[in-house]
Every structure is written in C-alpha cells, then in structure tokens.
Amino acid sequence: MSLLTDLLNLNLSDSTEKIIAEYIWIGGSGIDLRSKGRTLPGPVSDPKDLPKWNYDGSSTGQAPGTDSEVILYPQAIFRDPFRRGNNILVICDTYTPAGEPIPTNKRAAAAEIFSHPTVAGEEPWYGIEQEYTLLQKDVKWPLGWPVGGFPGPQGPYYCGTGADKAYGRDIVDAHYKACLYAGINISGINGEVMPGQWEFQIGPSVGISSGDQVWAARYILERITEIAGVVVSFDPKPIEGDWNGAGAHTNYSTKSMRTHGGIDVIKKAIEKLKFKHKEHIAAYGEGNERRLTGRHETADINTFSWGVANRGASIRVGRDTERDGKGYFEDRRPASNMDPYVVTSMIANTTILWKP
C-alpha cells in the first residue's frame with residue numbers, strides 16, 4: 001500500500017512536461033457526474049486551448065447505441081487537488097457531433113442568458129449554499145447514525161462540535177481545502193441541523209462561473225467521499241419525519257441592487273419571482289415537494305412569500321440589506337439537487353430580462 005501511495009503521489013513535472021486533464025461532465029440523470037482523463041503535451045490555462053473530446057453517450061443515458069457519440073466542449077479549468085502539479089480538472093458541456101447542445105446540457109442555455117448585454121451589464125452575483133448528506137456506504141443511512149436507528153433530536157448538531165454531534169468533519173475539511181487549492185471560490189462550510197448533513201458555500205461568483213464552480217466543487221466532494229468509502233447524497237429530503245431537508249439556497253444581487261436605492265430594485269425583482277413561482281419551482285430540483293412543506297425552515301411549495309430575516313419564507317431579505325437600503329436577497333426554494341446553471345440563469349432571466 002505504501003508503494004501505491006508513492007505512485008499516486010508521483011510528481012510528473014520531475015520527468016515530463018506532459019500533464020493529465022480530467023474531463024468532467026454531467027450524466028443523463030442531470031445530477032450524476034462522469035469523468036475521464038487524457039494526456040496533454042504540456043500545461044494549459046485557457047479552456048479554448050483544450051481539445052474537444054467524445055464519449056459513449058449510450059452508457060450515460062444521453063444517446064442511443066446506434067448513434068452514441070457525444071462531444072465534450074471544455075469550458076472551465078481548475079487545478080487538480082488529487083494529482084496536483086500542473087494537472088487540471090476540466091468542466092465540460094455536451095453536444096451532438098453536429099454541434100447542438102444535447103437535452104441534458106443546461107449550461108449552453110444559461111451561457112446565452114448570461115451573455116445577453118443587459119444581463120452582463122448588471123453583473124449578477126451569486127452565493128450558493130450547497131447542503132448535502134453523508135451516508136454510510138453499505139446501508140445508505142446517515143453517517144454517525146446507529147444502523148436502523150436514530151440519534152437524538154435536532155438541536156445540538158447545527159455548527160456543533162464533538163464526536164457525538166459532528167460526523168464526517170475530516171471529509172468536510174478535506175473538501176474545503178481541496179476546493180481552495182483548485183481555485184474554486186468556496187467561502188465557507190458548516191455543520192447543518194440534521195446530523196450527518198453539511199453545507200459549503202460557493203461565491204460570490206459572477207454569471208456562468210457560479211454554475212461551473214458548484215459543479216466542480218460537487219465533483220471534488222464525490223471524489224473525496226469515494227476515497228473515504230462514504231456516499232454523498234444531494235437528496236432534498238433524505239430522511240422522512242422530523243428532520244431537516246437539504247437545499248441549495250441561492251443568494252443573488254445585481255449591480256442595481258448593490259447601489260444606492262437598490263432595495264426598490266430588490267422588491268421589484270421579488271414581485272417578478274412571485275409571478276413566476278410555479279415555473280421556478282418546477283426547475284428547482286427533483287423531490288423538492290418532500291422538503292418544501294412549510295416546516296423545518298421552509299416555505300410551503302405552493303405558496304410564495306418573502307420577509308426580512310424570515311427563514312420560513314420563499315425569499316429572505318437580510319437585516320443588513322434592509323438597513324442599508326441595498327444589497328442582496330436569498331432564494332430559499334432550490335433543492336440540494338438543483339442544477340446551478342438552471343437556477344442562476346432562471347433568476348437572472350426573470351429578474352432582469354422578463355417584462356410582466
């Protein structure tokens with residue numbers, strides 16, 4: 001095993017200029033991540049300098065076996081915290097050989113919205129709070145929970161410390177540092193209300209880069225839990241009953257919201273979101289109806305509401321924003337398994353481009 005570790009930790013730059021690029025894409029379920037590695041002749045820092053690649057879409061639920069080739073377009077580069085050195089992780093989106101985005105490619109439509117001059121001029125900022133649950137591999141039951149049983153009720157676990165309150169902190173800290181190494185703008189982590197559940201925050205990020213960074217952070221987390229022999233779940237309600245679900249609260253602002261008088265822009269944006277509530281809910285993640293019940297710090301899925309410092313509302317405006325008359329708001333509706341390309345671009349489209 002020590003030899004295996006030594007080989008895994010080999011510094012390629014000692015013997016070759018070649019690097020390994022791990023191409024990453026979203027699979028047919030819309031939440032599963034796939035990846036494969038290729039050798040490149042030397043270091044690369046711009047995705048435009050990377051070659052396109054292809055894969056068997058019939059094995060990922062994205063193409064028929066009779067016409068299985070799907071093309072990978074490199075879109076964002078991050079440093080590889082696993083291979084280190086000059087090796088890279090590459091976030092890709094997916095196209096037909098004719099150059100059309102395949103149905104599961106949500107990045108292409110998001111990029112269109114973010115490249116619209118009006119949207120780009122507003123510089124939309126996002127901060128995404130990604131919640132997730134760590135599960136014991138063989139029984140798919142939360143980490144730290146007695147198999148077939150339950151821990152004590154919620155209360156001591158949120159931001160808790162101690163072996164009887166925080167389960168999986170080594171995984172969480174490894175992920176935190178790996179994301180920072182990779183160049184992801186991860187801004188924090190914390191233990192969540194349900195034991196075995198954690199959160200990391202990505203942002204502030206501008207436009208399409210928010211989705212790229214969330215997917216890269218999810219990939220790194222999947223790889224770390226793979227090494228640890230633990231399963232990560234993005235299910236919005238992994239345990240039924242009196243336990244909190246898992247969301248991906250999305251904090252949002254535009255240039256107009258961040259300047260003097262921005263509170264009025266925020267209120268108008270919230271009114272637009274109210275009109276489009278059903279459309280947003282439909283795109284905010286699978287199984288979200290199990291989470292958005294009006295309990296456990298959620299609003300009811302069928303009712304739109306907003307309030308200052310209200311974690312039981314659809315939209316929360318912070319006290320600082322109310323006091324300063326400018327700032328941001330938090331959309332608390334997205335589920336933990338949401339596609340950040342869909343959610344971020346939809347919020348921008350509704351609040352900036354859509355005219356009621």
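Note that the coordinates shown come from a computational prediction; the quantities given were computed from them, not determined experimentally.

What is the right way to read the overall build of the protein from this model?
Regarding its fold elements, the protein presents 10 helices and 13 strands. Over its C-alpha atoms, taken along the principal directions, the protein stretches across nearly 60 × 50 × 40 Å. Looking at the protein as a whole, 52% of its 356 residues are labelled buried. Contacts in the protein between residues far apart in sequence, at least 24 positions, make up 64% of those at least 6 positions apart. Counting every atom, the protein has about 16300 Å² of accessible surface; 52% of that belongs to carbon and sulfur. The average position of the 38 basic charges and that of the 43 acidic charges among the side chains of the protein differ by 4 Å.

It is not clear to me how a nonpolar patch on the surface should be interpreted in this structure. Could you clarify?
On the surface, M1, L4 and L8 cluster together to form a nonpolar patch covering roughly 390 Å² of accessible area. By the secondary structure assignment, L8 is in helix 1 (residues 2-8).

Mind showing me how you'd approach the UniProt feature "domain: GS catalytic" (unreviewed entry) in the protein here?
Mapped onto this numbering, the UniProt entry gives "domain: GS catalytic" (unreviewed entry) at residues 106-356. Helix makes up 38% of residues 106-356 and strand 19%. Its end C-alpha atoms lie 25 Å apart.

Is there a simple way to think about the pairing of strand 1 (residues 19-26) in this case?
Looking along a regular strand, one sees side chains alternate from face to face of the sheet. Of all 8 residues in strand 1, 7 are buried; the element is thus mostly enclosed. Bridge count between strand 1 and strand 2 (residues 33-40): 8 bridges; the pairing is antiparallel. Pairing of I24 across the sheet is with S35, part of strand 2. The hairpin formed by strand 1 and strand 2 contains 6 residues between the paired strands, and G30 there has a positive phi angle of roughly 85°.

Just to check I follow, could you spell out the sheet that holds strand 3 (residues 53-56) for this structure?
Read across the open sheet, the 5 strands follow the order 2-1-5-4-3; overall the sheet is mixed. Looking at the sheet topology across the chains shown, the edges are occupied by strand 2 and strand 3. Each strand axis lies, on average, 40° off the axis of its neighbour in the sheet, ignoring direction.

What should I look at first to understand the packing of helix 2 (residues 107-115) against helix 10 (residues 340-353) in this one?
Two quantities define a packed helix pair, namely the angle between the axes and the distance from one axis to the other. The N-to-C vectors of helix 2 and helix 10 enclose an angle of 30°; their axes lie 9 Å apart at closest approach. Considering their axes alone, helix 2 and helix 10 lie roughly parallel with respect to each other. Crossing geometry of helix 2 relative to helix 10 is assigned as left-handed. When helix 2 is examined against helix 10, the residues R107, A110, I113 and F114 are found in contact with a partner set consisting of Y341, T344, S345, A348, N349 and L353. Among the residues forming the contact of helix 2 with helix 10, the class breakdown is 6 nonpolar, 3 polar and 1 charged.

Explain the packing of aromatic side chains here, please?
When we look at a pair of aromatic rings, we describe it by the centre distance and by the angle of the planes. The tally for this structure, following the rule as stated, stands at 13 aromatic pairs. Ring centres of Y126 and Y252 lie 5.3 Å apart, and the angle between their planes is 35°; on these two criteria the pair is classed as tilted. Taken together, the residues span a long stretch of sequence, with Y126 in strand 6 (residues 125-136) and Y252 in strand 10 (residues 248-253) at a distance of 126 residues. Taken as a pair, Y126 and Y252 share a single burial class, namely buried. Aromatic side chains W141 and F150 sit 5.5 Å apart centroid to centroid with 75° between the ring planes, which places their arrangement in the edge-to-face category. W141 gets classed as buried once you look at its relative accessible area, which sits at 18%. The class for F150 is partly exposed, based on a relative accessible area of 49%.

Calculation rules
- Residues numbered from 1 in each chain as written.
- Predicted model: local features only at pLDDT ≥ 70, side-chain atom pairs only at ≥ 80, totals over all residues.
- Heavy atoms only, no water.
- Helix = DSSP H or I, 4+ residues; strand = E, 2+ residues; numbered from the N terminus.
- Buried < 20%, exposed > 50% of the residue type's maximum accessible area, 1.4 Å probe, protein only.
- Contact = heavy atoms within 4.5 Å.
- Areas by Shrake-Rupley, 256 points an atom, 1.4 Å probe, with all protein chains shown as cover.
- Lys, Arg positive; Asp, Glu negative; His and termini not counted.
- Charge placed at Lys NZ, Arg CZ, Asp CG, Glu CD.
- Patch = residues over 30% accessible without salt bridge, like charges linked within 9 Å, V, L, I, M, F, W, Y side chains within 5 Å.
- Salt bridge = Lys/Arg side-chain N within 4 Å of Asp/Glu carboxyl O.
- UniProt positions renumbered as here; feature names shortened; annotations may be inferred.
- Pairing = 2+ DSSP bridges.
- Axes fitted to C-alpha atoms, helices over the stretch in contact; angles between N-to-C directions.
- Parallel < 35°, antiparallel > 145°, perpendicular 65-115°, else oblique.
- Left-handed = near helix turned anticlockwise from the far one by under 90°.
- Nonpolar A, V, L, I, M, F, W, Y, C, P; charged D, E, K, R; others polar.
- Phe/Tyr/Trp six-rings, centres within 6.5 Å; stacked < 30°, edge-to-face > 60°.

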